[in-house]
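# Results of the structural survey
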Amino acid sequence: QAVAPLHPVTVQCQEAQMVVKVHRDLFGTGRLVRAAELTLGSAACLPVAWRAAESVVTFVAGLHECGSTLQMTPDSLIYKTSLFYKPTPSSNPVIVRTSAAVVPIECHYPRKSNVSSSAIQPTWAPFHSTLSAEEKMTFSLRLMNDDWSTERLSNGFQLGESLHLQADVASGNHVPLRLFVDDCVATLSPDRSSSPRYALIDLSGCLVDGRSEDTTSTFISPRPRQETLQFMIDAFKFAGDDRNLIYITCHLKVSPADQAPNPLNKACSFNKASSLWAPLEGTGDICSCCETGNCPSYG
């Protein structure tokens, strides 16, 4: 708002500085103060160039200049300083016609909004988008009950039963994502490179266990949602080993949901009736490498 005796001090909070304008009729009495009697902040910064005939005195200071202080709240950054009026002593030491004054000044900036100069638009990336890209995604792999409604309370199985496995990703504020299982390997120890080892899913999303005889292992179609992938594995044991505890380690990954599945990002099951590999989504050709074994990988 315009500087006037009713509002003798106004502040403009700009991107990197504050502009303080002071009407010389500081007390609204008609008696003008002298610019030399006004300073800003504990560093006593002086106003910008001014002329005696002007009725407004202007200060321009960076947010961190002139001894200003910074206070952080959950929602705001607050830069604080003060305007000081220190009148020169009267020629008559017995009387005083005016008193000193201190005017507190604050500039508030929201911590969760975008701050940018128009000079770098349109290449400027919004602040919220930058934060979103840096968030970590949370992947999970769970054993589910037979109708997929809840997590299975027991991890014990009899041979002849099927394991219902569900992979998920919590994507937060990311763009829509589609989850894939790159590979899954079964071992007798937590070390996925230990021996013996058996590949359940391999070649960037081929459910190779379904290629074996007498198995019904498959990806479940359709997906309940893009960020979830369900698949069934027939229970098994390692031959010649009496241990009943088996570790299954899977590598999960995501791609943008609007990106078509491809030989690198796919979920392919073997259809025994047709003796062909079929994708959960996408065209059939993306699964052809499951048969040849030359699928691309992240390495």
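These numbers come from a predicted model, not from an experiment.

Okay, the sheet that holds strand β12 (residues 218–219) next. The antiparallel open sheet is built from four strands, whose spatial order is β8-β9-β13-β12. Edge strands, defined here as strands with exactly one partner in the open sheet, are β8 (138–144) and β12.

A few words now on the nonpolar core. Membership of the largest hydrophobic core comes to 23 residues, with the highest contact counts inside it found for Val181, Cys184, Ile201, Phe219, Leu229, Phe231 and Ile233. If you list the elements that add at least two residues to this core, you get β9 (162–170), β10 (177–187), β11 (197–201), β13 (228–234) and β14 (247–256). When sequence neighbours within four positions are dropped, the list of residues in contact with cysteine 184 reads Tyr198, Ala199, Leu200, Ile201, Phe231, Ile248, Thr249 and Cys250. Listed in part, the 20 residues of the second largest apolar core include Val20, Val22, Val57 and Ile105.

What follows concerns the state of the cysteines. Disulfide: a covalent bond connecting the sulfur atoms of a pair of cysteines. Per the counting criterion, the structure on display carries six disulfides. Between the sulfur atoms of cysteine 13 and its disulfide partner cysteine 107 the distance amounts to 2.1 Å. Given an S-S torsion of about -90 degrees, the disulfide between cysteine 13 and cysteine 107 has left-handed geometry. With cysteine 13 in strand β1 (residues 9–13) and cysteine 107 in strand β7 (residues 101–110), the pair connects residues that are 94 residues apart, well separated along the chain.

What follows is about the pairing of β9. By the criterion of burial, β9 is predominantly enclosed, with eight of the nine residues buried. One ladder, built from seven bridges, connects β8 with β9; its direction is antiparallel. Counterpart to leucine 141 in the pairing with β9 is alanine 167. Pairing of β9 with β13, which is carried by seven bridges, proceeds in the antiparallel orientation. In the sheet register, alanine 167 faces β13, and the bridge partner there is leucine 229.

A volume near 630 Å³ is recorded for the largest pocket. Elements with a minimum of two residues in the lining of the largest pocket: β8, β9 and β14. With three residues, β8 is the largest single contributor of residues to the lining of the largest pocket. Tallied by class, the residues present in the lining of the largest pocket amount to 13 nonpolar, five polar and five charged.

Taken as a whole and assessed by the stated rule, the structure comprises nine salt bridges. Here lysine 80 and glutamate 106 are joined by a salt bridge, their closest N and O atoms 3.9 Å apart. Pair noted here: lysine 80 is in strand β6 (residues 76–85) and glutamate 106 is in strand β7, with a separation of 26 residues, a long-range link. Looking at glutamate 106, the relative accessible area reads 39%, which means it is partly exposed.

One pass over the full model with this rule turns up six aromatic pairs. Centroid distance phenylalanine 236 to phenylalanine 238: 6.2 Å. Interplanar angle 80 degrees. Geometry classified as edge-to-face. Using a relative accessible area of 11% as the deciding quantity, one classes phenylalanine 238 as buried. Directly above the aromatic system of phenylalanine 84 lies the positively charged group of lysine 86, at a separation of 5.6 Å from the ring centroid. The ring of phenylalanine 157 carries arginine 152 above its face, with NZ or CZ at 3.9 Å from the centroid.

The next subject is the sheet that holds strand β2 (residues 17–23). Spatially, three strands are ordered β1-β2-β4 in an open sheet, and the strand pairing comes out antiparallel. Of all strands in the sheet, those with a lone pairing partner are β1 and β4 (56–62), marking the two edges. Each adjacent strand pair in this sheet contributes to an overall mean axis angle of 15 degrees, direction not counted. Here β1 pairs with β2 via five bridges, running antiparallel. Across the sheet, the residue bridging to valine 9 is valine 22, located in β2.

All right, on to the environment of proline 47 then. Here proline 47 shows up in the loop between β3 (38–40) and β4. Once the C-alpha coordinates of proline 47 and alanine 36 are considered, the two residues, 11 residues apart in sequence, prove to be 8.4 Å apart. Those residues in contact with proline 47 that lie beyond four places of it in its chain are Ala35, Leu38, Val57, Thr58 and Phe59.

Calculation notes
Residues numbered from 1 in each chain as written. Predicted model: local features only at pLDDT ≥ 70, side-chain atom pairs only at ≥ 80, totals over all residues. Heavy atoms only, no water. Pairing = 2+ DSSP bridges. Helix = DSSP H or I, 4+ residues; strand = E, 2+ residues; numbered from the N terminus. Core = buried A, V, L, I, M, F, W, Y, C linked by side-chain atoms within 4.5 Å. Buried < 20%, exposed > 50% of the residue type's maximum accessible area, 1.4 Å probe, protein only. Contact = heavy atoms within 4.5 Å. Disulfide = S-S within 2.5 Å. 1 Å grid on protein atoms, 1.4 Å probe; cavity = no way out; pocket = protein on both sides within 12 Å on 5 of 7 lines; lining within 4 Å. Points joined across faces, edges and corners; volume = space filled by probe spheres on them. Nonpolar A, V, L, I, M, F, W, Y, C, P; charged D, E, K, R; others polar. Salt bridge = Lys/Arg side-chain N within 4 Å of Asp/Glu carboxyl O. Phe/Tyr/Trp six-rings, centres within 6.5 Å; stacked < 30°, edge-to-face > 60°. Lys NZ or Arg CZ within 6 Å of the ring centre and 35° of its normal. Axes fitted to C-alpha atoms, helices over the stretch in contact; angles between N-to-C directions.

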